[in-house]
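# Breakdown of the fold
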Amino acid sequence: MRGGLKQESQLLKNVCLFVLILTLVGSFSFVRADPDPAEERTALEQELKELEEQIASYEEDITKTEQEKQTLQNQIYLLKQKIQKLNLQISQSNVMIKDLGLQIEDTQGSIDQTTLNIRESQRHLANTLQLIYEADQKSLLEVFLSESELSDFFDDLVALESLGSKSQELLSDIKDLKTHLEEQKVALDKEKEDLEGVVRIATLQKQQEESMKQEKDYYLQLTEAEYQEQLSKKKVA
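Conventions and cut-offs
Residues numbered from 1 in each chain as written. Predicted model: local features only at pLDDT ≥ 70, side-chain atom pairs only at ≥ 80, totals over all residues. Heavy atoms only, no water. Helix = DSSP H or I, 4+ residues; strand = E, 2+ residues; numbered from the N terminus. Buried < 20%, exposed > 50% of the residue type's maximum accessible area, 1.4 Å probe, protein only. Contact = heavy atoms within 4.5 Å. Salt bridge = Lys/Arg side-chain N within 4 Å of Asp/Glu carboxyl O. Patch = residues over 30% accessible without salt bridge, like charges linked within 9 Å, V, L, I, M, F, W, Y side chains within 5 Å. Areas by Shrake-Rupley, 256 points an atom, 1.4 Å probe, with all protein chains shown as cover. Lys, Arg positive; Asp, Glu negative; His and termini not counted. Charge placed at Lys NZ, Arg CZ, Asp CG, Glu CD. Expected span 1.5 Å × (residues − 1). Phe/Tyr/Trp six-rings, centres within 6.5 Å; stacked < 30°, edge-to-face > 60°. Polar contact = N/O pair within 3.5 Å; in protein donor to acceptor, adjacent residues only side chain to side chain. pLDDT = per-residue confidence, 0-100.

### So, the overall build of the chain
Within the chain one finds six helices and zero strands. Counted from the first residue to the last, the chain has its helices and strands arranged as α-α-α-α-α-α. By residue count, 24% of the 237 residues in the chain fall in the buried class. For the chain, the share of sequence-separated contacts (at least 6 apart) that also reach a separation of at least 24 residues comes to 82%.

### So, the side chain of E209
Within the fold, E209 resides in helix α5 (residues 150–220). Accessibility expressed as a relative area gives 13% for E209, which makes it buried. Those residues in contact with E209 that sit more than four places away from it in its chain are I83, L86, N87 and I90.

### Points about the environment of E182
By secondary structure assignment, the location of E182 is in helix α5. Judged by its relative accessible area of 48%, E182 falls in the partly exposed class. For the pair formed by E182 and I111, sequence separation is 71 residues and the distance between their alpha carbons is 8.9 Å.

### Here's the deal with the pattern of salt bridges
A full pass over the atoms with the stated rule returns eight salt bridges. Between E45 and R41 there is a salt bridge, with the nearest N and O atoms lying 3.9 Å from each other. Placement of the pair is E45 and R41 together in helix α2 (residues 37–66), with a separation of four residues, close to one helical turn. What makes E45 partly exposed here is its relative accessible area of 42%. Judged by relative accessible area, R41 falls into the partly exposed class, the value being 26%. The network of salt bridges with common partners includes R41, E45 and D99.

### Remarks on a negative patch on the surface
Taken together, the side chains of E47, E50, E52 and E53 define an acidic patch exposed on the protein surface. Note that E53 resides in helix α2.

### A look at α2
Taking 1.5 Å as the rise per residue, α2 with 30 residues should run 44 Å; its terminal C-alpha atoms sit 43 Å apart, in good agreement. Listing the buried residues of α2 in full gives L44, L48, L51, I55, I62 and T65.

### Thoughts on the packing of aromatic side chains
Using the criterion set out here, one finds two aromatic pairs in the structure. An angle of 65° between the planes, with centres 5.4 Å apart, marks the rings of Y218 and Y219 as edge-to-face. The exposure class of Y219 is buried, given its relative accessible area of 7%. With a centroid separation of 5.7 Å and an interplanar angle of 80°, the aromatic rings of Y219 and Y227 are classed as edge-to-face. The exposure classification of Y219 matches that of Y227, with both residues buried. Taken together through their ring pairs, the aromatic side chains of Y218, Y219 and Y227 make up a single cluster.

### Considering the environment of H180
One can find H180 in helix α5. Overall, the relative accessible area of 37% leaves H180 in the partly exposed class. Separated by 69 residues in the primary sequence, H180 and I111 have C-alpha atoms spaced 8.9 Å apart.

### What about the environment of L204?
With respect to the element layout, L204 can be found in helix α5. With 114 residues separating them in the primary sequence, L204 and I90 have C-alpha atoms 9.5 Å apart.

### Thoughts on the side chain of T65
Following the sequence through the fold, T65 ends up in helix α2. Only 2.8 Å separates the side chain of T65 from the backbone oxygen of D61, close enough to count as a polar contact.

### Concerning the confidence of the model for the chain
Per-residue pLDDT for the chain has a mean of 78; in total, 69% of the residues score no lower than 70. Across the chain, element-level confidence peaks in α2 with a mean pLDDT of 92 and bottoms out in helix α1 (residues 2–32) with 43. Every residue in residues 1–32 is under pLDDT 50, and counting partners more than four places away or in other chains gives zero contacts.

Here you go:
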């Protein structure tokens, strides 16, 4: 009796341990789960929208400042605002680069899947054509004599006709898939071009930001009188 209880107790412990392991594995899997690409792109688009609103706000402030009296303080403030705007534009470019990267990844995945679908359809077509070829090697008389019932003979004829229809359907599917594949490849090339363009813009923006920082540091060393003197010389020139 004690032996039976001991075995039941050990079995219960083993079950509890197994459940615990499954729970831990499930939790670990949940933590390690990859983010949903659709949700990630939605978040990026929201981030782009927020950046666009901030950039528009800076542009409005910059336009207003440019219309004010030309003073050293206004010039330094204007450069600071332009630098902040450029920082936002650089962030915007980085988000666009990430978004385009996801688009490229998604399109490449679609291309891979379409390619697999084409191969699968081609395999089915080859099998169907092989069956049609084998059936064509027999005369109607041979087919008729090989069946014990008349209904079986007509079933064979219907099956052969069905194979012909199936082969036409598969050919049509393959044609559509190949057209879709070409469209996906064109889309992929366009996305890659867009990505290269945004990367170039981001590089120029960083260079422009550095130039503006140097210009701001230069003006910070001037006095108001020195700045006004420079403005007067520019007007004369």
